[in-house]
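Given next are the chains, with one letter for each unit.
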Amino acid sequence: MLSLLDRRLVVVTGKGGAGKTTVAAALALARTRAGGRAIVCEVGGGESVSRAFGRRPAGHVETELSPGLWAISLEPRAALAEYLRDRLGSSTVSGLLFENRLFQSLADATPGLRELVTMGKVWELAQPERRSDGASAYDLVVLDAPATGHALGLLGAPSTFRDVASAGPVHRQAEIIGGLISDPSRTAVVAAALPEETPVNETLELSAQLRDELGVELRQVVVSGLIPERFERSEVARIEASLSADGASPATDALRQALADHGRALEQGRQVERLREALGDDAVVTLPRLADGALDRSTLERLSQALERAR
Ligand SMILES: Nc1ncnc2c1ncn2[C@@H]1O[C@H](COP(=O)(O)OP(=O)(O)OP(=O)(O)O)[C@@H](O)[C@H]1O
Ligand SMILES: [Mg+2]
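Thresholds, definitions, all that
- Residues numbered from 1 in each chain as written.
- Chains lettered and ligands numbered in written order.
- Predicted model: local features only at pLDDT ≥ 70, side-chain atom pairs only at ≥ 80, totals over all residues.
- Helix = DSSP H or I, 4+ residues; strand = E, 2+ residues; numbered from the N terminus.
- Contact = placed C-beta atoms within 7 Å.
- Near = placed C-beta within 6 Å.
- Nonpolar A, V, L, I, M, F, W, Y, C, P; charged D, E, K, R; others polar.
- Core = buried A, V, L, I, M, F, W, Y, C linked by C-beta atoms within 7 Å.
- Buried ≥ 20, exposed ≤ 12 C-beta atoms within 10 Å, placed from the backbone.
- Axes fitted to C-alpha atoms, helices over the stretch in contact; angles between N-to-C directions.
- Parallel < 35°, antiparallel > 145°, perpendicular 65-115°, else oblique.
- Left-handed = near helix turned anticlockwise from the far one by under 90°.
- Expected span 1.5 Å × (residues − 1).
- Arc of directions from axis to C-beta.
- Pairing = 2+ DSSP bridges.
- Right-handed = clockwise from strand over helix to strand, strands pointing away.

Asks: Give me the overall build of the chain: which residues, what numbers.
Replies: Per the secondary structure count, the chain includes 12 helices and 8 strands. In terms of its C-alpha atoms, the chain occupies a principal-axis envelope of roughly 80 × 40 × 35 Å. Of the contacts formed within the chain by residues at least 6 apart in sequence, a portion of 68% connects residues at least 24 apart.

Quick look at the structure:
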């Protein structure tokens, strides 16, 4: 896992509820423990990471949540206004775009514009020398990307614009942003996944789509929520024998539950194995299921340490 943290940009995607935000924040935290500055970029306005740290939503503003750990909720309108201000050196046009109606009609007329300017801001955050006035560089930018289909649209927007605009500033800028996304030495794409059959199938599809549609390799799958395998095979046999011998008692209920959990753990293990076979051992790491796994600071700290240890 540690090699992921040497990149400038880590993109975390996966199915809804698969642990994207958790993994994104845990990776950023791990980077801060190594002494760096890291920022988690959320899209869609949920601001779960800020909330996990007990903060109010701050919108499109870089906000420090704990020493070295930053968060921003990316807003396409603000990102475009910022870009134009940087390019034109004037706030007149960019100020106009703060008017929601104008941005709305521009975005409606230009499919993919929201995605392009969002990735433009991610690119800007990842620059070793920031373009924004007085802004400090980050050692790592983690994009908490939307669920799979939308994430492909987001990551693919720069290359689409590069191809549509055959020359000029949009072509050049889109090429630069797309260049960051497709450079494996600077960017790694990570999928969060649950250890179940359908999510594993979807993760394998995602891997193929990333390669076919974007020419990008899925670098790492983080499978979250593994329950421990509690028993040896011989113990399972003994428990089963005692269950068929005894009548009902409080102890048999507990044993049945324990056996059922064990069965689920074995099935999870099989699903992880499918991922390993398809993508390679090194591409898959697992995180335990925490009993009290709310998206809060203590969960993130614990999972982040587990990620650092994972290999
Ligand atoms: N290893 C874990 N153990 C226990 N709970 C976990 C674990 N990983 C994630 N969770 C919990 O699962 C829930 C979903 O995780 P998370 O919000 O990170 O998923 P997501 O993919 O970002 O979801 P969404 O698609 O809604 O953005 C959260 O409540 C989170 O705290
Ligand atoms: Mg999320």
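Asks: Describe the site of ligand 1, and please don't skip the residues or the numbers.
Replies: The environment of ligand 1 is formed by 21 residues, the closest being Gly16, Lys20, Thr21, Thr22 and Gly293. Contributions of two or more residues to the shell around ligand 1 are made by helix H1 (20-33), strand S7 (218-226) and helix H12 (297-309). With 3 residues, the single largest contributor to the shell around ligand 1 is H1. Looking at side-chain class alone, the shell around ligand 1 contains 8 nonpolar, 11 polar and 2 charged residues.

Asks: Talk me through the nonpolar core; I want residue IDs and the actual numbers.
Replies: Of all hydrophobic cores here, the largest spans 76 residues; its most connected members are Val12, Leu27, Ala28, Ile39, Cys41, Val141 and Val142. By residue number, the principal contributor to this core is H1, which donates 8 residues. Among residues more than four places away in sequence, those in contact with valine 12 are Lys20, Val23, Ala24, Val142, Leu143, Asp144, Ala145, Val190 and Ala192.

Asks: Could you give me a rundown of the packing of helix H3 (residues 76-88) against helix H6 (residues 113-125), with the residues and numbers involved?
Replies: The N-to-C vectors of H3 and H6 enclose an angle of 65°; their axes lie 8 Å apart at closest approach. As the angle between them shows, H3 and H6 are arranged roughly perpendicular. Once H3 is placed against H6, the crossing between them reads as left-handed. Contact with H3, carried on its side by Pro76, Ala79, Leu80 and Tyr83, involves Arg114, Val117, Thr118, Gly120 and Lys121 of H6 and no other residues of that element. In terms of residue class, the contact of H3 with H6 is built from 5 nonpolar, 2 polar and 2 charged.

Asks: Any details on H12? Residues and values, ideally.
Replies: An ideal rise of 1.5 Å per residue puts 18 Å on 13 residues; H12 measures up with 19 Å between its terminal C-alpha atoms. For H12, the full list of buried residues reads Leu300, Leu303, Ser304 and Leu307. Here the buried residues of H12 occupy an arc of 110° about the axis, which is enough to place them on one side. Residues Ser298 and Arg309 are exposed on H12 and point more than 90 degrees away from its buried face. Each element contacted by the buried residues of H12 is listed here: H1, helix H2 (48-52) and strand S8 (284-288).

Asks: Talk me through the pairing of strand S6 (residues 187-193); I want residue IDs and the actual numbers.
Replies: The element S6 is largely enclosed, with a buried count of 7 among its 7 residues. Side chains of S6 alternate between two faces, with Thr187, Val189, Ala191 and Ala193 and Ala188, Val190 and Ala192 buried alike. Bridging between strand S1 (residues 9-14) and S6 involves 6 bridges; their strand directions are parallel. Residue pairing for S6: valine 12 is matched across the bridge by valine 190. Remark: the S6/helix H9 (residues 197-214)/S7 crossover connection has right-handed handedness.

Asks: An account of the environment of glutamate 229 is requested, with residue identities and associated values reported.
Replies: Relative to the helices and strands, glutamate 229 resides in the loop between S7 and helix H10 (233-245). Residue class for glutamate 229 comes out partly exposed when judged on the 14 C-beta atoms lying within 10 Å of it. Residues glutamate 229 and tyrosine 138, spaced 91 residues apart in sequence, show a C-alpha to C-alpha distance of 40 Å. Leave out the neighbours within four places in its chain, and glutamate 229 touches His262, Ala265, Leu266 and Gly269.

Asks: If you had to explain H1 to someone new, which residues and values would you point to?
Replies: Here H1 spans 20 Å end to end across 14 residues, near enough to the 20 Å set by a 1.5 Å rise per residue. Extensive coverage of H1 is indicated by the burial of 13 of its 14 residues. Residue glycine 35 follows H1 closely and has a positive phi angle near 95°.

Asks: Go over the packing of H10 against helix H11 (residues 250-279), please, and point to the residues and values.
Replies: Geometrically, a packed helix pair is captured by the angle between its two axes and the distance between the axes. The interhelical angle for the contact between H10 and H11, taken along N-to-C directions, is 145°, at an axis separation of 11 Å. The hand of the H10/H11 crossing is left-handed. In contact with Val236, Ile239 and Leu243 of H10, H11 contributes Thr252, Leu255, Arg256, Leu259 and His262. Here the residues of the contact of H10 with H11 sort into 5 nonpolar, 2 polar and 1 charged.

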